[in-house]
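Structural overview
Listed below are the residues making up each chain.
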Amino acid sequence: MARRPPEPGAVLFAALVGVTLIGPLSVHLFFPAVPFVRRAFAVEAGAAQLAFSLSMLAMAAGTLVYGTLADRIGRLPTLIGGLALFSGGAAIGAAAPTIELLIGGRILQGLGAACGVVLARTMVSDVYGKDRLPQMIAYLTTAYVLGPMIAPVIGGGLADTLGWQSIMVVPAAFGLATILLAVFVIGETRPRAAPGPGAGLAQGYARLLGLRRFVFHMANPAFGSATFMSANAGAAYLMVEVLERPATEYGLWFTLGPVGFMLGNFLSGRASGRLSAAFLIVSGTGLTFAGALALAAPVVGLALSPAALFVPIGIFSVGQGLSMPQAQAAAMSAVPELTGTASGIVVFAQFLMSALLTQTVAVFYDGTPLPMVLTVVGAAAASLLFGVLSVLPARR
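Now for a quick tour of the structure.

Criteria and cut-off values
- Residues numbered from 1 in each chain as written.
- Predicted model: local features only at pLDDT ≥ 70, side-chain atom pairs only at ≥ 80, totals over all residues.
- Heavy atoms only, no water.
- Helix = DSSP H or I, 4+ residues; strand = E, 2+ residues; numbered from the N terminus.
- Rg over C-alpha atoms; globule rule 2.2 N^0.38 Å.
- Buried < 20%, exposed > 50% of the residue type's maximum accessible area, 1.4 Å probe, protein only.
- Contact = heavy atoms within 4.5 Å.
- Areas by Shrake-Rupley, 256 points an atom, 1.4 Å probe, with all protein chains shown as cover.
- Lys, Arg positive; Asp, Glu negative; His and termini not counted.
- Charge placed at Lys NZ, Arg CZ, Asp CG, Glu CD.
- Axes fitted to C-alpha atoms, helices over the stretch in contact; angles between N-to-C directions.
- Parallel < 35°, antiparallel > 145°, perpendicular 65-115°, else oblique.
- Left-handed = near helix turned anticlockwise from the far one by under 90°.
- Nonpolar A, V, L, I, M, F, W, Y, C, P; charged D, E, K, R; others polar.
- Expected span 1.5 Å × (residues − 1).
- Salt bridge = Lys/Arg side-chain N within 4 Å of Asp/Glu carboxyl O.
- Phe/Tyr/Trp six-rings, centres within 6.5 Å; stacked < 30°, edge-to-face > 60°.
- Patch = residues over 30% accessible without salt bridge, like charges linked within 9 Å, V, L, I, M, F, W, Y side chains within 5 Å.

A separate point is the overall build of the protein. Helix and strand counts for the protein come out as 16 helices and zero strands. Its C-alpha atoms give the protein a radius of gyration of 20 Å, within 12% of the compact-globule value 21 Å for 396 residues. Residues classed as buried in the protein amount to 59% of the 396 residues present. The long-range share in the protein, meaning contacts at least 24 apart out of those at least 6 apart in sequence, stands at 87%. Here the protein has roughly 14700 Å² of accessible surface; of this, 70% comes from carbon and sulfur atoms. Of the charged side chains in the protein, 20 are positive and 13 negative; the average position of the first set lies 15 Å away from that of the second.

It is worth spelling out the packing of helix α10 (residues 212-242) against helix α11 (residues 247-254) at this point. One can describe the packing of α10 onto α11 by two numbers: an axis separation of 10 Å at closest approach and a directional angle of 150 degrees. When the interaxial angle is binned, α10 and α11 end up roughly antiparallel. As for how α10 packs across α11, the hand of that crossing is right-handed. Taken together, the residues of α11 that come into contact with α10 (itself represented by F228, N232, A235, A236 and M239) are E249, Y250, W253 and F254. In terms of residue class, the contact of α10 with α11 is built from seven nonpolar, one polar and one charged.

So, on to the packing of helix α1 (residues 10-20) against helix α8 (residues 166-186). Between α1 and α8, the least distance of the axes is 10 Å, while the angle of their chain directions is 150 degrees. Taken together, the axis directions place α1 and α8 in an arrangement best described as roughly antiparallel. Every pair of crossing elements has a handedness; the one defined by α1 and α8 is left-handed. Residue-level contacts link V11, L12, A15, L16, G18 and V19 of α1 to F174, T178, V185 and I186 of α8. Here the residues of the contact of α1 with α8 are counted per class, giving eight nonpolar, two polar and no charged.

Here we take up helix α12 (residues 256-271). Relative to the 22 Å expected for 16 residues at 1.5 Å per residue, α12 spans 22 Å between its end C-alpha atoms, a close match to the ideal helical length. The positive-phi residue at the C-terminal boundary of α12 is G273, with phi of around 90 degrees.

For the structure shown, the criterion picks out two salt bridges. The residue R38 makes a salt bridge to E241 at a minimum N-O spacing of 2.7 Å. In this pair, R38 sits in helix α3 (residues 34-41) while E241 sits in helix α10, placing the two residues 203 residues apart along the sequence. The residue R245 makes a salt bridge to E249 at a minimum N-O spacing of 2.7 Å.

Here we come to unusual backbone geometry. Of note in the backbone geometry, E244 takes a positive phi value of approximately 55 degrees without being a glycine. Its location among the elements puts E244 in the loop between α10 and α11. Given a relative accessible area of 65%, E244 falls into the exposed group.

Take α8 next. Count 3.6 residues to each turn of an α-helix, and residues three or four apart come out pointing the same way. The first and last C-alpha atoms of α8 sit 29 Å apart over 21 residues, in line with the 30 Å expected at 1.5 Å per residue. Among the residues of α8, those classed as buried are S166, I167, M168, P171, A172, G175, T178, I179, A182 and I186.

Quick look at the packing of aromatic side chains now. A complete count under the given rule lists five aromatic pairs for this structure. Where F216 meets F386, the ring centres are 6.2 Å apart and the plane angle is 40 degrees; that geometry is what we call tilted. Highlighted residues: F216 in helix α10 and F386 in helix α16 (residues 370-391), separated in sequence by 170 residues. Classification of F216 as buried rests on a relative accessible area of 15%.

We now examine the environment of P171. The topology assignment puts P171 in helix α8. When the C-alpha atoms of P171 and H217 are compared, they prove to be 31 Å apart, with 46 residues separating the residues in sequence. Look past the residues within four positions of P171 in its chain and what remains in contact with it is L25, L29, F86, S87, A90 and Q109.

Taken together, the side chains of V11, L180, L181, V183, F184 and V185 define a hydrophobic patch exposed on the protein surface, amounting to about 550 Å² of accessible area. Among the elements that take part in the nonpolar patch, α8 stands out by supplying five residues, more than any other. In this fold, V11 is placed in helix α1. For V11, a relative accessible area of 59% corresponds to the exposed category.

You can see A61 is positioned in helix α4 (residues 45-72). Measuring from C-alpha to C-alpha, the distance between A61 and V347 comes to 9.5 Å, with 286 residues separating the pair along the chain.

Structure, rendered in structure tokens:
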């Protein structure tokens, strides 16, 4: 007889939050380290950025694997394997004597980190059901952004005091601790009716990607995430190299984004059932675009300052918090028996676009905000477009 999913409760929800923190520990904790890595290995900005962007690409690829494996062999074994890979990659990166080995460790870390955000949302869907999914994703993400809020502060402090290698040691230990949470608190959550090993991988992808509404709901948060990530990638260089501020200060200013995102997610959760998902998606994405336009202030002649960089990021993060849970939940609910696969595709698109656009910012970085602003405004405009398309009435 198949195991029943665990009953919803505060302890289980807290454990799922712990699983989602794997992603921020891989991504946001490393943000302040990039300029230090560049100096430590005497490489160009584009080469140092590869330790970040290739890890993001690995996370993007991993989301496809974890979502499908979760539907085929179960949530728990898939989660344990990903966490072990995450900790091992972080340990390799901490001991890396060359930029190449560091990048290799970061790629493994990224592959492992992909399990967190995919499986946490899949498990929430298993436990709480379709009706409560938008609300629970919003609340889960509200708690999740505590990671991005404190990770850059911790990362900047570690880099300033103990060296950038310490930024790799903390995730390795956290990953091992999360394995214990997965085994003893979360357990297996896959419903009995979920597809087994015979489910077709290609057929599942084709079925989901053949639904235009799914594609639009997938693309909306993908470009929204890329807006945030590319803005912070450019802000890291401008803060450390142009404004000559310490990495710790960058981490403190960075918290405006996660605070805004947390506020937006909380409001989205409270509004679920009261306001339509369509309204929240379009209004939230519109606010994201407005914040991206505000980021152009230093380009049109205003003074470059930390506030000019991070206040607009805080504004468009509120918009992302409003729209993203609704779009993600709509995409994951498109085909109920393919919840894990859908979750994987949605997160894959977010990581892929974030990796591509953060690398774009680094490659074209010229000591001015212009490359960052052009990238961020373009990503926000694309997010708004797909948000509108996702809620338009379907043609007969």
